[in-house]
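Reading the structure
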Amino acid sequence: MTNVFHPIETLNNAIVQPWIFKSRVELNRFTQYIICLNSFEKEIPNYHSCHALHESLNSCSVSIVFSLFNIFALVTKTKACFFDQSIRDYFLERVKLTSKESYLLSFFWHEPVLSMNSLGYSAEEHLKIYTSEVGIGFSVLTRKANADSDQIENTEVTSSMKFYTFHLVQLLSTIELVASLLNPCKPSQSQANSLLQIENYNDLYSIIESILRKIKCTT
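Residues numbered from 1 in each chain as written. Predicted model: local features only at pLDDT ≥ 70, side-chain atom pairs only at ≥ 80, totals over all residues. Heavy atoms only, no water.

1. A short note on the overall build of the protein
Under the convention used in this document: Under the scheme used here, helices are H or I runs from DSSP no shorter than 4 residues and strands are E runs no shorter than 2 residues, and both carry numbers assigned from the N terminus. Any two residues whose heavy atoms approach within 4.5 Å are treated as being in contact. The Shrake-Rupley method, run with a 1.4 Å probe, gives the accessible areas here. Residue values count only the displayed protein chains as cover.
When you go through the protein residue by residue, the secondary structure sums to nine helices and four strands. When the helices and strands of the protein are placed in sequence order, the string is α-α-α-α-α-α-β-β-β-β-α-α-α. Relative to all contacts within the protein whose residues are 6 or more apart in sequence, the contacts with residues 24 or more apart total 63%. For the protein, the exposed surface amounts to about 12300 Å²; the carbon and sulfur share of it is 53%.

Okay, here's the thing in structure tokens:
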């Protein structure tokens, strides 16, 4: 797994370095939670433990993206606006972006996680976890006014493993894209081959391969 932070690390910006370090730590935590989630799928886990794991995944992702916006603002010396399209708009004025690059920099892909991370402040909505022999999933439930029971807002249960594994790919792709745009200088061969340090990397790699095979089989 390529070190997606490398282009901005080589800037040697003392103000930016703490945010890069924070992002790397949170990214490693995110991957370990995915590995933990995968182990949970082998047995029906305690509901509250599983719920806490989903909340931790969401929190890590928000922290990573928040740090990325801070890095962008510090390097470009622009006003920090978080979780919006300011990064995309900035680069659209300076370089030609592909549709995929524009999508990643818009952070639309991050909105579901950002919304779930905010559910703790909502009296009407909450995250519902589903556990069964076929795997773990989640949905968002909405409690209607004066209702005694929850009303399902999203009747489709989302597979947690597929969602968060694909979300990891989106995180890595976006970090790499932002880093390369902030420092477009071509790296040396040794720098280009530097790897991202992830604990239990072999386990993570196996999980990603397994998820990709499942997706291919269903398409």
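2. As for the pattern of salt bridges
Close approach of charged atoms lets side chains of opposite charge pair. Note the cut-off: Take a side-chain nitrogen of Lys or Arg and a carboxyl oxygen of Asp or Glu: if they are within 4 Å of each other, that pair is a salt bridge. Classification of residues uses two cut-offs on accessible area relative to the type maximum, computed with a 1.4 Å probe and protein chains only: under 20% is buried, over 50% is exposed, and between them is partly exposed.
Here the structure, examined in full by the defined rule, presents four salt bridges. For Asp 89, the salt bridge is made with Arg 88, and the minimal N-O distance between the two is 3.1 Å. The exposure class of Asp 89 is partly exposed, given its relative accessible area of 36%.

3. Observations regarding the side chain of His 51
Considering the arrangement of structural elements, one finds His 51 in helix 3 (residues 47–76). In this structure His 51 comes out as buried when scored by relative accessible area, which is 16%. With residues near it in sequence (within four places) discarded, His 51 still touches Leu 127 and Ile 129.

4. Notes on the side chain of Asn 58
Stated formally: Polar contacts, as counted here, are pairs of nitrogen or oxygen atoms within 3.5 Å of one another; within protein the pair requires one atom able to donate a hydrogen and one able to accept it, and residues that are adjacent in sequence qualify only if both atoms are side-chain atoms.
Here Asn 58 shows up in helix 3. Among the polar contacts made by the side chain of Asn 58, one reaches the side chain of Tyr 164 at a distance of 2.8 Å. The contacts of Asn 58, once residues within four sequence positions are left out, are Val 113, Met 116, Asn 117, Leu 127 and Tyr 164.

5. Let's talk about unusual backbone geometry
The phi torsion at Phe 83 lies on the positive side, around 60°, for a residue other than glycine. When you line up the elements, Phe 83 lands in the loop between helix 3 and helix 4 (86–92). For Phe 107, which is not a glycine, the phi torsion comes out positive at approximately 65°. In this structure, Phe 107 sits in the loop between helix 5 (99–106) and helix 6 (111–117). By relative accessible area, Phe 107 is classed as buried at 4%.

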